[in-house]
Amino acid sequence: MAVLPQLRDRRENTISDARRFFFELGQTPEAGLAPPVLRSWQRCRNGGLDHLDAYLIDPAGRAQLSDARDRSARLLEHAGGIMEHVFEQIRASGSMVILADTKGMILHCLGDPDFVGRAQRVALQPGASWDETFRGTNAIGTAILEGAPVEIHGAEHYLERNGFLTCSAAPVFNAQGCIAGVLDISGDSRSNQRHTLGLVRLSVQLLEKRLFEAEFAKEIRIAFHPRPEYVGSLQEAMLAVDADGRIVGANPVAREWLGLTAGLADAPSFGMLFRTGFGQVLDRAANAPDDLLLLEMRRGDAVYVQVRGHRRTRPEVPAPRLQEAAQESAKGPAKTSDGSKGRITLDSLATGDARLQLALDRARRVQGKDIPLLIQGESGVGKELFARAFHNSGVRSDGPFVALNCAAIPENLIESELFGYVGGSFTGARREGAVGKLQQAHGGTLFLDEIGDMPLGMQARLLRVLQERSVTPIGSMKSIPVDISLVCATHRVLRDAVKQGVFREDLYYRVNSLTVTLPPLRERTDVRRIVSNLLEIESADRRSGPLGISEEVMGFFERYPWPGNVRQLQNVIRVAVALLDDNEHEIASIHLPEELFGIDGEEGGEGLAPSTPMTAMPVAAIASPAPAATIGARSLDEIELEAIATVMREVGGNVSAAARRLGVSRNTLYRKLGRMS
Ligand SMILES: Nc1ncnc2c1ncn2[C@@H]1O[C@H](COP(=O)(O)OP(=O)(O)OP(=O)(O)O)[C@@H](O)[C@H]1O
């Protein structure tokens, strides 16, 4: 619909008054100019641009244009079809559809032949730059600087020679919140159409959606809106998240809604935004991919969510293989070389938790590719078990799996443990020398547990080994080639350790090629499966038949926060099995340690009441998880510290005994005790 002639005349008069004010009297017009136009005029004047300048800048040469097109290849690929569609809408209106890059260089245009000739006189053609610094106020250049859609009509253009144009442009934002290009419709100012800017905005939204979907085709995408009918529309907010629920992309709607800044450096994780756990949502989505879920946001509102791009990729593998594996791992510290082929594998670890499944899938993708794996997670979540499974599932499974816990060995011994030494090279050294872990792991996998606790000096030496792929034992002049696959684990956030200066940045990048985070037990949705596996393992030696577990206890296990994770659960089950009489076949609440009840009962927590099942409806409301992370008014940390203090008192300060009772390693307990002092 064209703008009515009277309205157009009135607008043009106002602009020419403003122009007189600004250019002839050197004053700022108080009315008549849209704020972005006035800001742009001021920028141009401050930059020393002459509004009467008739000098034309030559468009970029073919090679330069081709480079610019290569840099924006993805934008061009997705914009092509949309531009053709837009052009169909405006074909008879004497206009052009233009795509420019982030610097305002025109990459592609489709134009009405009648208008193209005139447009070319002002260089509206591929290769021409519409950077505001040189071209003055214009829709393309000004939209880039304003970071918002703008319409520049006739005499609003700073340079007089562009006054015959009317242009509407909107920046295209990428998933990191940066401008990826600009879409513009330009035409003769006499044929100004009222809805042109709306058409540009809509086309840009469509383009942003296509770019987002292409960039994150393999990631999990979370689409949401407070109203269900908007999920799937151009108005939906969309986040891309990695396997750990960290936001890696956000469309402009999500960005505005959540107040995210460009670059996503401070973007919250899924868990910080929503009250329902990430794993629980993924599980639900895997079972009913088309359902909308009604989720409560932590800030108070509720939104309808659709999870896209998430499938259960591997069938679950029957329990017995995991059982063998866990038995293997439970035999003892097992921190030395073994040939654990044929036992635990990544497939056998899949017990139905969606977050764990993602970690397994990610790890599988780098197998055999010489990419170091970093496993993060709280103590006792199964990091070492995961590392063994990774080794056993790969091409090196015939080779050794060698583990070293960097937090468990005194600092002065790490060096000789890792690098080995020749006989008599230092006081106390064995006469025949010793082969270090790095050499032992040759042809296999070296698992460095608690790498975040490795002393700085040792980090430098390890880095050199990884770069040079050879090791020089202490006291030796000869370097020995080593071929190892490196898997590291840590309970620390290594990035923070780098910031604090306790972990080398170069080593961080070396060990951190692929990070998988194992979920804490309290956030896992497959607790039942783990419990029955552990029960089978722990009761394998009983001669009086299979064991069960009361529904009351199972419900409690599902709600308990498990500060010691699977290790603690394993110990609780081990003790419960030991407490059973020969004629008892079911674990009940009386077989559980008193500490568990102390915590659960005293503080008025959920106790052993059955948990609420999740509703299954086409539009499913997922209940927020039971308040397992806090009990009463106390935080999990406080409860944990209190439990440690109680057990330490009961065992008369014996750390090993306390660690056994609490179901954590001695190192972990030392660490936690450090926090108490
Ligand atoms: N999915 C599982 N099924 C059965 N047992 C498991 C599972 N995950 C872990 N475990 C058992 O829990 C115990 C702790 O596991 P593991 O040592 O791998 O944890 P971790 O994260 O490396 O602990 P830490 O950080 O304290 O070294 C082991 O005995 C292991 O066999």
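Residues numbered from 1 in each chain as written. Predicted model: local features only at pLDDT ≥ 70, side-chain atom pairs only at ≥ 80, totals over all residues.

Per an unreviewed UniProt entry, the protein chain goes by the name GAF modulated sigma54 specific transcriptional regulator, Fis family and belongs to Aromatoleum tolulyticum.

A.B. asks: Teacher, can you tell me more about the overall build of the protein chain here?
C.D. replies: Summing up its helical and strand segments, the protein chain has 27 helices and 22 strands in all. Residues counted as buried form 42% of the 677 residues belonging to the protein chain. Of the contacts made within the protein chain by residues no fewer than 6 positions apart, 67% connect residues no fewer than 24 positions apart. (Helix = DSSP H or I, 4+ residues; strand = E, 2+ residues; numbered from the N terminus. Buried ≥ 20, exposed ≤ 12 C-beta atoms within 10 Å, placed from the backbone. Contact = placed C-beta atoms within 7 Å.)

A.B. asks: What am I meant to see in the nonpolar core here?
C.D. replies: In globular proteins that are soluble, nonpolar side chains generally tend to be buried together. By size, the foremost hydrophobic cluster in this structure holds 147 residues, and its most contacted members are Ala100, Ala169, Leu183, Val305, Ile375 and Leu569. Non-local contacts of Leu183, meaning those with residues more than four positions away in its chain, are made with Ala79, Leu99, Ala169, Ala170, Val172, Val200, Ser203, Val204 and Leu207. In this structure, Ile644, Ala659, Val664 and Leu669 belong to the second largest nonpolar core, which totals six residues. (Core = buried A, V, L, I, M, F, W, Y, C linked by C-beta atoms within 7 Å.)

A.B. asks: Sorry, what's going on with the sheet that holds strand S15 (residues 445–449) here?
C.D. replies: What links the strands of a sheet is backbone hydrogen bonding, and the strands pair in either a parallel or an antiparallel sense. Across the sheet, five strands lie side by side as S12-S15-S18-S11-S19; this open sheet has parallel pairing. Both outer strands of the open sheet, strand S12 (401–405) and strand S19 (514–517), are each paired with one neighbouring strand and no more. For this sheet, the mean angle separating the axes of adjacent strands, direction not counted, is 20 degrees. Here S12 runs beside S15; their pairing, made up of five bridges, is parallel. Note on S15: the bridge partner recorded for Val402 is Leu446. (Pairing = 2+ DSSP bridges. Axes fitted to C-alpha atoms, helices over the stretch in contact; angles between N-to-C directions.)

A.B. asks: Please clarify how the pairing of strand S2 (residues 106–111) should be interpreted in this entry.
C.D. replies: Of the pairings in the sheet, the one linking strand S1 (residues 95–100) to S2 comprises five bridges and is antiparallel in character. By the bridge assignment, Leu99 is partnered in S2 with His108. Count of turn residues in the S1/S2 antiparallel hairpin: five residues, of which Gly104 carries a positive phi of about 90 degrees.

A.B. asks: I would appreciate a short explanation of the packing of helix H21 (residues 527–538) against helix H22 (residues 551–559) in the present structure.
C.D. replies: Two numbers describe a pair of packed helices, the interaxial angle and the distance between the axes. Packing of H21 against H22 brings their axes to within 9 Å, and their N-to-C directions diverge by 120 degrees. Viewed along their axes, H21 and H22 adopt a mutual orientation that is oblique. Read as a crossing pair, H21 and H22 show a hand that is right-handed. Counting all contacts with H21, which are made through Val527, Arg528 and Val531, the residues of H22 involved are Met554, Phe557 and Glu558. Considered class by class, the residues forming the contact of H21 with H22 number four nonpolar, no polar and two charged. (Parallel < 35°, antiparallel > 145°, perpendicular 65-115°, else oblique. Left-handed = near helix turned anticlockwise from the far one by under 90°. Nonpolar A, V, L, I, M, F, W, Y, C, P; charged D, E, K, R; others polar.)

A.B. asks: How should I be thinking about the environment of Thr668 in this particular structure?
C.D. replies: Within the secondary structure, Thr668 is located in helix H27 (residues 666–676). Sequence separation of Thr668 and Gly564 is 104 residues, and the distance between their C-alpha atoms is 9.1 Å.

A.B. asks: Hey, could you run me through helix H26 (residues 655–662) in this one?
C.D. replies: Given 3.6 residues per turn, any residue in an α-helix points the same way as the ones three and four places further on. Burial in H26 covers these residues: Ala658, Ala659, Arg661 and Leu662. Considered in projection along H26, the buried side chains sweep an arc of 165 degrees and stay on one side of the axis. Backbone geometry just after H26 places Gly663 at a positive phi near 75 degrees. (Arc of directions from axis to C-beta.)

A.B. asks: Quick question: what am I supposed to make of the sheet that holds strand S4 (residues 165–173) here?
C.D. replies: Here five strands make up an open sheet; going across it, the order is S2-S1-S5-S4-S3 and the pairing antiparallel. At either margin of the open sheet sits one strand with a lone partner, and together these are S2 and strand S3 (150–153). Averaged over all neighbouring strand pairs, the angle between strand axes comes to 15 degrees, with direction disregarded. Taken together, the six bridges between S1 and strand S5 (residues 179–188) define a ladder with antiparallel strand orientation. Its bridge partner being in S5, Ser95 is matched across the sheet by Gly187. In the packing of helix H7 (residues 139–146) onto the sheet, contacts are made with S1, S3, S4 and S5, and the angle to S4 comes to roughly 35 degrees.

A.B. asks: I keep staring at helix H8 (residues 196–215) and nothing clicks. Help me out?
C.D. replies: With 20 residues, H8 ought to run about 28 Å at 1.5 Å a step, and its terminal C-alpha atoms sit 28 Å apart, in line with that. Those residues of H8 not exposed but buried are Thr196, Val200, Ser203, Val204, Leu207, Glu208, Leu211 and Phe212. Check the buried side of H8 and you find it contacts helix H4 (73–90), S4, S5, strand S7 (237–241), strand S8 (247–250) and helix H9 (252–258). (Expected span 1.5 Å × (residues − 1).)

A.B. asks: Which parts of the structure should I look at to understand the confidence of the model for the protein chain?
C.D. replies: The predicted coordinates should not be examined in detail at positions where pLDDT is low. When pLDDT is averaged along the protein chain, the result is 81; 83% of the residues meet or exceed 70. The element-level mean pLDDT for the protein chain is lowest in strand S22 (residues 619–621), coming to 30, with H7 highest at 97. Within the model, pLDDT remains below 50 along residues 598–633, and this stretch shows 61 contacts once partners closer than five positions in the same chain are excluded. With a pTM of 0.51, the predicted complex shows an ipTM of 0.98. (pLDDT = per-residue confidence, 0-100.)

A.B. asks: Please clarify how the pairing of S1 should be interpreted in this entry.
C.D. replies: On any regular strand, side chains alternate: one points to one face of the sheet, the next to the other face. Across the six residues of S1, six count as buried, placing the element largely inside the fold. By the alternation rule, side chains of S1 split into Ser95, Val97 and Leu99 and Met96, Ile98 and Ala100, which are all buried.

A.B. asks: Help me understand the packing of H21 against helix H23 (residues 565–579), please; the structure alone is not making it clear to me.
C.D. replies: It is the contact of H21 with H23, at a shortest axis distance of 10 Å, that shows an interaxial angle of 50 degrees. Comparing their axes, H23 and H21 come out oblique. Read as a crossing pair, H21 and H23 show a hand that is right-handed. Together, Ile530, Leu534, Leu535 and Glu538 of H21 and Val566, Leu569, Gln570, Ile573, Arg574 and Val577 of H23 make up the contact between the two elements. Taken together, the residues that form the contact of H21 with H23 break down as seven nonpolar, one polar and two charged.

A.B. asks: Help me understand the environment of Gln176, please; the structure alone is not making it clear to me.
C.D. replies: Among the secondary structure elements, Gln176 is positioned in the loop between S4 and S5. In this view, Gln176 contacts Gly249, Ala262, Gly263 and Leu264; residues no more than four positions away in its chain are not counted.

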